Amino acid sequence: LVVDGFVNDLPENQKIRLTLSAPYFQNQKTPPALNAKVRLIDNNGKVFNFLDIENNGNYIYQRTELDSFMIVGNTYR
């Protein structure tokens, strides 16, 4: 499993891409990892669920203006 993501505190949707590894010399796209459960949990126990809406391995967290996502000083896992 390959996890490619960079989340930040900007007021925009956040994306984490999941793919499966593939042989380097096969020169083909890496297959997406589908049906995964992707979430971040902050130090207060709040869960942020990322969903693969388009079923393509791009797991998106859709932010709202009232979100408390990625607060400076909090820890996430």
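Residues numbered from 1 in each chain as written. Predicted model: local features only at pLDDT ≥ 70, side-chain atom pairs only at ≥ 80, totals over all residues. Heavy atoms only, no water.

**What to know about the packing of aromatic side chains**
In total, this model carries seven aromatic pairs according to the counting rule given. Consider the rings of Phe48 and Tyr61, whose centres lie 5.5 Å apart with planes at 85°: the pair is edge-to-face. One end of the pair, Phe48, is in strand 4 (residues 47–50); the other, Tyr61, is in strand 5 (residues 58–61), and 13 residues separate them in sequence. Neither Phe48 nor Tyr61 differs from the other in exposure class; each is buried. Here the aromatic rings of Phe50 and Tyr61 are separated by 5.7 Å at their centres, their planes lie at 40°, and the arrangement is tilted. Of this pair, Phe50 sits in strand 4 while Tyr61 sits in strand 5; the two residues are eleven residues apart in sequence, bridging distant segments of the chain. Grouping residues by exposure puts Phe50 and Tyr61 together as buried. Taken together, the ring pairs connect Phe48, Phe50, Tyr61, Phe69 and Tyr76 into an aromatic cluster. (Phe/Tyr/Trp six-rings, centres within 6.5 Å; stacked < 30°, edge-to-face > 60°. Helix = DSSP H or I, 4+ residues; strand = E, 2+ residues; numbered from the N terminus. Buried < 20%, exposed > 50% of the residue type's maximum accessible area, 1.4 Å probe, protein only.)

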